[in-house]
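Given next are the chains, with one letter for each unit.
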Amino acid sequence: MTAAATTACGSPAPAPSRPPPTRQPATRQPASGPPAAVDRLTLAQQVGQTVILSFAGRDEPAYVARILRARRAAGVILTPENIASGAQVRALTRSLERSAGGRALVGADQEGGATRALGFAAASAAQPEQAGPAAAGAAARAGGRDLRRYGLNLDFAPVADVAAGAGSIMRGRAYPGGPPEVAASVAAAVAGYTAAGVAATAKHFPGLGAAGANTDSSPVTVPTSVAGLRHGDLEPFRAAISAGVPLIMTSHAVYPAVDPGRIASQSPRVIGGLLRGGLGFRGVVITDSIEAAAVRRRSSVAVAAVRSIAAGADIVLMTGPGSYHLIYPRLLARARRSPGFRRRVREAAARVLALERRLGLPA
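Analysis parameters
- Residues numbered from 1 in each chain as written.
- Predicted model: local features only at pLDDT ≥ 70, side-chain atom pairs only at ≥ 80, totals over all residues.
- Heavy atoms only, no water.
- Helix = DSSP H or I, 4+ residues; strand = E, 2+ residues; numbered from the N terminus.
- Contact = heavy atoms within 4.5 Å.
- Areas by Shrake-Rupley, 256 points an atom, 1.4 Å probe, with all protein chains shown as cover.
- Lys, Arg positive; Asp, Glu negative; His and termini not counted.
- Charge placed at Lys NZ, Arg CZ, Asp CG, Glu CD.
- Axes fitted to C-alpha atoms, helices over the stretch in contact; angles between N-to-C directions.
- Parallel < 35°, antiparallel > 145°, perpendicular 65-115°, else oblique.
- pLDDT = per-residue confidence, 0-100.

A. Main features of the overall build of the chain. What the chain contains, in helices and strands, is twelve helices and twelve strands. When the backbone C-alpha atoms are referred to their principal axes, the chain occupies close to 50 × 45 × 35 Å. Of all intrachain contacts in the chain linking residues separated by at least 6 positions in sequence, the fraction that spans at least 24 positions is 79%. By element, 55% of the accessible surface of the chain is carried by carbon and sulfur atoms, the whole surface being about 12,700 Å². The chain carries 42 positive and 21 negative side-chain charges, and their two centres are separated by 9 Å.

B. Structural detail: the packing of helix H11 (residues 324-337) against helix H12 (residues 339-358). Two elements in contact, H11 and H12, have axes whose closest approach is 5 Å; the angle formed by their N-to-C orientations is 120 degrees. Between H11 and H12, the angle is such that the two are oblique. Contacts between H11 and H12 involve Leu331, Arg334, Ala335, Arg336 and Arg337 on the former and, on the latter, Pro339, Phe341, Arg342 and Val345.

C. How the structure looks around the confidence of the model for the chain. Per-residue pLDDT for the chain has a mean of 92; in total, 90% of the residues score no lower than 70. Per-element averaging of pLDDT across the chain places helix H1 (residues 35-38) at the bottom with 79 and strand S8 (residues 247-250) at the top with 99. Here residues 3-34 scores under 50 on pLDDT; set against residues more than four positions off or in separate chains, the count is 72 contacts.

In structure tokens, the structure reads:
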């Protein structure tokens, strides 16, 4: 679920049998970014817009500077390993933005409480302690302002899952209440982050509230019916979309009622059918950490990344410092070889450019 997965790669495993192909409404929609913008990028740079990388240490490595300078990554995720103090983080983010020409997406897990990459920044209260939309909105504004102060422009929050029962793995991270209450808090949080100039990310689509385990550590199946998803788990994501959330993160669980053969982050039925077609989301779809055990049990991270982009995801999120060198070359090779995948990369890159414009980053 983003923060915990750090393994660089896994052993390939046979892919699951594929159910009959489904129509993907997302491929029929116009790209979010103007063609002139995305087409000024080389194919290598378009592929770069589909990845966010991580690195070890508290200073920008030379190889990361080269990647950002060449526009071969959309940005970086900072983890607690990268963070020592406010002054150090500010120096680090300035270095990253200089390398990227001011265009880098710099994000972190800053949900609140114990789930904060920047432990000295808001919000000190975890989401379960933020009772109601007023508290959720205030915490998001405070957290967003702190992130901007330290040079970050992207938060992998809020959690939009509805914790279902005492056994829910999300009980310690989700807003309190049922679907209507969680939806109201999620919408308020999105508005709070937006007011602070930070891009919010609603996660983990289509909902991990019924999960009893973490996809970072094991495969997870969520047995909720389609009706249960529509009338429960999806309500906070609808609210986030109505509030203008710019990113939605897909989970790595299997939802047999929607797609019995593929995890959500690799499923056209979940991304193209449920999220794009059903909920009408037009923003950026980002995967949860690609190094999660639920992913690596099925394939290497490089194969998983290709599957996710092909299924409709726009950004592959990497929390393993070594993963970029496995994933980026595989994505680029696939784009060079396959016209269909190349079109998918272009569509994804256009959406990421639109997100950068929304944040006021230079074209």
